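Structural characterization, general
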Amino acid sequence: MAQTTADPAPTTSPRRPPSGVGGLVGLGIAVAVLVAAGLTALTGSRPVQNLGLPDPGTLTTIGLPAVRAAAEVCAVLAIGFLLLAAFFVAPQRSGYLDVAGYRGVRAASYAAAGWAVAALLLVPLSAADALGRPVVDVLDPELLVSVIPKLSDAMSWLLTAIVALLLLVVCRLVLSWGWTVVAFGLALLGPLPVALTGHSAAGGSHDIATNSLVLHVLAASLWVGGLVAVLSLAAARADDDSVTLGVAVRRFSRVAFWCWSVLAVTGVLNALVRVSPADLLGSTYGALLLGKTLALLTLGGLGFLHRRHTVDAAGRGERGALLRLGGVEVLLMLATVGLAVALGRSAPPASNAAPPSRTEVVLGYDLDGPPTLARLAFDWRFDLIFGTAAVLMAVLYLLGVRRLRARGDAWKPGRTAAWLCGCAVLLVATSSGLGKYAPAMFSVHMGTHMMLAMLTPILLVLGAPVTLMLRALPVAGRGNPPGPREWLLTAVHSPVARFVTHPLFSLPVFVGSYYALYFSDLFGWALNEHWAHVAMNLHFLLAGLIFFWPVIGVDPSPRRLPPVARLAVVFISVPFHAFFGVALMGAHTVIGEPFYRSLALPWVTDPLVDQKLGGGLAWASGEIPLLLVIIALLIQWSRHDERSARRDDRRADADGDAELKAYNDMLRRLARGGGPSGASEENSGDRGGEALHDERRPDGPSDGREPAGASGIAAGEGHRDAPSTD
């Protein structure tokens, strides 16, 4: 992280955000705290009051939302300043941060420190609120150690504090652009523990509520924090050129539009889960929800004004309008953060509907009956995370293909078909009846597992998405800040990419995950948590991608493997998959038995029989994709030999088949009793500089090997944008 080589830091000393922006942030934090505490005091509601717990006192009731508002503001500031340093401003040519990036990272470290302190304070406050006791009564270390693991809110804030402290350390050490991206990714993990275990993670439809809340929180963090960071950049660079600010404002404008769109959609979905439209005007929860909606619409209007009047002006160096309008927008945003905290402390209005069933409480929805073929195919429940990802991946890929064809470049239809099929498999595995029944039945879960870990990655890597992006994305150009194409190239050639695609890492992760997850207590524990289901699906997908990318991927891989090594890696994985399926079919104990028996599904009379069926699916569905991989490898190997033969033919045509003539001359000399050494001397005398000429001929090296990066160029169909894989 902190290097000691040349150019370890920018020549200009970084400073904190200018006093104007710093004062604005301080005022915004005060507004968020006052709105959260004031609205909570006015409504007088607590999420756990319906459980009959005693009042923990005013300090806890008012202090908890106030401290939480401060924590969330610090979180969005840390994320926003790291977003600025990683993607809105350019680093130096050496890879170290420029002054603006270095200043952003330092500002993020201050925000991370405040985030960590507030999160640590929220641990005893959350415990006191959950236990219904004054906060001074739960400050005993022994009591906290015993109760924190049992309280989801307190545990989530403890995890958040750990992430914030780690982020603080990273921000104080980082000097290079690559580590700034790592810090940004770490910052995005910080809000997840609270979002995944909050009030949206319980009750009916908690799968939709939790997924929408995660997207909602991340979009809000990028939007609010990004605006504060851009305003800080505008105020700090008053005497500098306007190129950096213009690029940052334009990039933030695009991010802000999509963040606002995500906030609007996920906000509506989360609201519909919690309250009916008829209750909006007759409850405190509905009134707060309407206030948040009005604030979001107002912020959307301010964002429209930004795009119309301040984006181009900032590029011309006119910062006044940006700072004035942005200052008003920041204050409204942070007030909305406080409003959201108060909304989270309010209980939704009581529903007159029948109490949810056991299945709905555990899964978030009811199941209409046994998983018939019709239900698996047509009884859909759209997954907001993976379903949305599948649709976006398909749309963006088609847009890239359209851009290539618009400028006259060809793109193989087979690659497009493979990618779209991979997106379709991802969508079906997570959003169709398969995804709906997977959390409730081991056999269906194993079927979706094989689709996510085996079939989807195979189809996606055959679609060559990296090559498509390198050809479709514009080049930043000399002297311009790096853009998405340069970020992609850096990611593909990064040490992290080379490490995770190494067979000694990807093969154990791909194969060993089966045994580590299902033959331990991990799977039984994960069945009770919705976020664990999301994490499992993500792990299956990523493990398959890093395994199949260097094996059969059309794209240039960070780690280049010869065809024989690729085939060997696949053959090594085959017996492990087969043994895993056989072991499941022969097991006599039910994996996750308490969870499956608690559902008491009438069509699953014996969970062990269902588990054996899942083992059979794992064995059968695992071998078929691997057979397809072997066939694809053999085809790729054959095409590689054909390309090598054509390259040799072109070389022979260019030099008059000199290698073949030299080889035949050597055979004749050997037949007459000569030797290779004598032939070499004879050649050096008779042919003069011909041997040297052969070694330096432009068609390629004399030993017939491919030049560096030849595989990568072939993967990109000879396009100059394809990166080297050497």
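Just so you know, these numbers come straight off a predicted model, no measurement behind them.

**Notes on the overall build of the protein**
Within the protein, the secondary structure is distributed over 30 helices and 0 strands. When each of the 726 residues of the protein is scored for burial, the buried share is 48%. Nonlocal contacts in the protein, meaning residues at least 24 apart in sequence, comprise 79% of its contacts between residues at least 6 apart. With the model as given, the accessible surface of the protein reaches about 33,300 Å², and the carbon-plus-sulfur share is 66%.

**Quick look at the environment of L322**
Assignment of secondary structure puts L322 in helix α11 (residues 320-345). Taking the C-alpha atoms as reference, L322 lies 7.3 Å from H306; in sequence the two are 16 residues apart.

**Some points on the packing of aromatic side chains**
For the coordinates displayed, the defined rule picks out 23 aromatic pairs. Ring geometry for F510 versus Y514: centroids 6.3 Å apart, planes at 85°, classification edge-to-face. With a gap of 4 residues between them, F510 and Y514 both fall in helix α21 (residues 503-518), about one helical turn apart. In terms of burial, F510 and Y514 fall into one category: buried. Through pairs of rings, three or more aromatic residues link up here, namely F442, F510, Y514, Y515, Y518, F519, F523, F547, F548, F579 and F580. Seen from the ring of W411, R415 lies directly overhead, with NZ or CZ sitting 5.0 Å from the centre.

**Considerations on empty space enclosed by the protein**
Within the structure shown, the criterion is met by 2 cavities of 30 Å³ or more. In this structure, the largest cavity spans a volume of roughly 50 Å³. Here the lining of the largest cavity is composed, by residue class, of 7 nonpolar, 2 polar and 1 charged. Counted as a void, the second largest cavity has a volume near 40 Å³. Here the lining of the second largest cavity is composed, by residue class, of 5 nonpolar, 3 polar and no charged.

**A word on the nonpolar core**
Core analysis: the largest hydrophobic core is formed by 94 residues, its most contacted members being L82, F88, W115, L167 and W223. Take this core: its biggest share by element is 19 residues, from helix α2 (residues 58-88). Ignoring anything within four residues of it in the chain, the contact list for W223 reads F252, A256, C259, W260, L263, L296, L299, E329 and M333. Counting 63 residues, the second-largest nonpolar core is a separate cluster that includes L367, L488, L567 and L633.

**Focus on unusual backbone geometry**
Even without a glycine there, the phi angle at A464 is positive, about 55°. Note on placement: A464 falls in the loop between α17 (442-462) and α18 (465-472). A464 sits in the buried class, given a relative accessible area of 0%.

**Thoughts on the side chain of T430**
Mapped onto the fold, T430 is located in helix α15 (residues 413-431). On the basis of relative accessibility, which here comes to 7%, the residue T430 falls in the buried class. In terms of polar contacts, T430 uses its side chain to reach the backbone carbonyl oxygen of L426, at 2.8 Å. Not counting residues within four places of it along the chain, the set of residues in contact with T430 comprises R381, D383, F386, G387, G435 and L452.

**Some points on the pattern of salt bridges**
Once their charged atoms are close, side chains differing in charge can pair, the charge on each being opposite to the other. On inspection of all chains with the given rule, the structure shows 5 salt bridges. As a salt-bridge pair, R68 and E72 come within 2.9 Å of each other at their nearest N and O atoms. Residue R68 and its partner E72 are both found in helix α2; the two are separated by 4 residues, about one turn of the helix. By relative accessible area, R68 is classed as partly exposed at 25%. Judged by relative accessible area, E72 falls into the partly exposed class, the value being 24%. Between R381 and D207 there is a salt bridge whose closest N-O contact spans 2.8 Å. Of this pair, R381 sits in the loop between α13 (373-378) and α14 (386-406) while D207 sits in helix α8 (residues 206-236); the two residues are 174 residues apart in sequence, bridging distant segments of the chain.

**A closer look at the packing of α2 against α11**
For the pair α2 and α11, interaxial distance at closest approach is 9 Å and the crossing angle is 135°. Classified by the angle between their axes, α2 and α11 sit oblique to one another. At the point where α2 passes α11, the crossing takes the right-handed sense. Between α2 and α11, the residues in contact are T61, L64, P65, R68, A69, E72 and V73 and L334, V337, V341 and R345, respectively.

**Focus on the packing of α17 against helix α23 (residues 530-552)**
Contact geometry for α17 and α23: axes closest at 8 Å, N-to-C directions at 35°. For the element pair α17 and α23, the recorded crossing hand is right-handed. Contacts between α17 and α23 pair H445, H449, L452, A453, M454, T456, P457, I458, L460, V461 and L462 from the former with M536, N537, F540, L541, G544, L545, F548, W549 and I552 from the latter. Broken down by class, the residue content of the contact of α17 with α23 amounts to 15 nonpolar, 5 polar and no charged.

**Looking at α14**
In a regular helix each residue adds 1.5 Å, so 21 residues correspond to 30 Å; α14 covers 30 Å between its end C-alpha atoms and thus fits that length. Looking at the buried side of α14, the elements it contacts are α15, α18 and α23. Two residues or fewer after α14 comes G408, characterised by a positive phi angle close to 90°.

**Digging into the confidence of the model for the protein**
Residues at a pLDDT of 70 or more form 80% of the protein, whose mean pLDDT is 80. Note on residues 2-7: pLDDT is under 50 here. Beyond four places in sequence and across chains, it has 11 contacts. Low pLDDT, under 50, characterises residues 11-19; the stretch is placed with 12 contacts to residues that sit more than four places away or in other chains.

**Concerning the side chain of D383**
Looking at the secondary structure, you find D383 in the loop between α13 and α14. Within the buried set, D383 has no salt-bridge partner at all; the shortest N-O distance to an opposite charge, 8.7 Å, is to R381. From its side chain, D383 meets the backbone nitrogen of F386 in a polar contact 2.9 Å long. Contact partners of D383, with chain neighbours within four places excluded, come to N211, T388, T430 and S431.

**Some details on the environment of S156**
Note that S156 resides in helix α5 (residues 152-173). Between the C-alpha atoms of S156 and S126, which are 30 residues apart in sequence, the distance is 9.8 Å.

**A closer look at a nonpolar patch on the surface**
Nonpolar side chains collect at one region of the surface, where F382, V391, L392, V395, L396 and L399 lie side by side and expose about 530 Å² of accessible area between them. In this fold, V391 is placed in helix α14. The class for V391 is partly exposed, based on a relative accessible area of 40%.

**Section: the environment of M450**
With respect to the secondary-structure elements, M450 resides in helix α17. When the C-alpha positions of M450 and F540 are compared, they lie 8.4 Å apart, and in sequence the two are 90 residues distant.

Reading guide: rules and limits
Residues numbered from 1 in each chain as written. Predicted model: local features only at pLDDT ≥ 70, side-chain atom pairs only at ≥ 80, totals over all residues. Heavy atoms only, no water. Helix = DSSP H or I, 4+ residues; strand = E, 2+ residues; numbered from the N terminus. Buried < 20%, exposed > 50% of the residue type's maximum accessible area, 1.4 Å probe, protein only. Contact = heavy atoms within 4.5 Å. Areas by Shrake-Rupley, 256 points an atom, 1.4 Å probe, with all protein chains shown as cover. Phe/Tyr/Trp six-rings, centres within 6.5 Å; stacked < 30°, edge-to-face > 60°. Lys NZ or Arg CZ within 6 Å of the ring centre and 35° of its normal. 1 Å grid on protein atoms, 1.4 Å probe; cavity = no way out; pocket = protein on both sides within 12 Å on 5 of 7 lines; lining within 4 Å. Points joined across faces, edges and corners; volume = space filled by probe spheres on them. Nonpolar A, V, L, I, M, F, W, Y, C, P; charged D, E, K, R; others polar. Core = buried A, V, L, I, M, F, W, Y, C linked by side-chain atoms within 4.5 Å. Polar contact = N/O pair within 3.5 Å; in protein donor to acceptor, adjacent residues only side chain to side chain. Salt bridge = Lys/Arg side-chain N within 4 Å of Asp/Glu carboxyl O. Axes fitted to C-alpha atoms, helices over the stretch in contact; angles between N-to-C directions. Parallel < 35°, antiparallel > 145°, perpendicular 65-115°, else oblique. Left-handed = near helix turned anticlockwise from the far one by under 90°. Expected span 1.5 Å × (residues − 1). pLDDT = per-residue confidence, 0-100. Lys, Arg positive; Asp, Glu negative; His and termini not counted. Patch = residues over 30% accessible without salt bridge, like charges linked within 9 Å, V, L, I, M, F, W, Y side chains within 5 Å.

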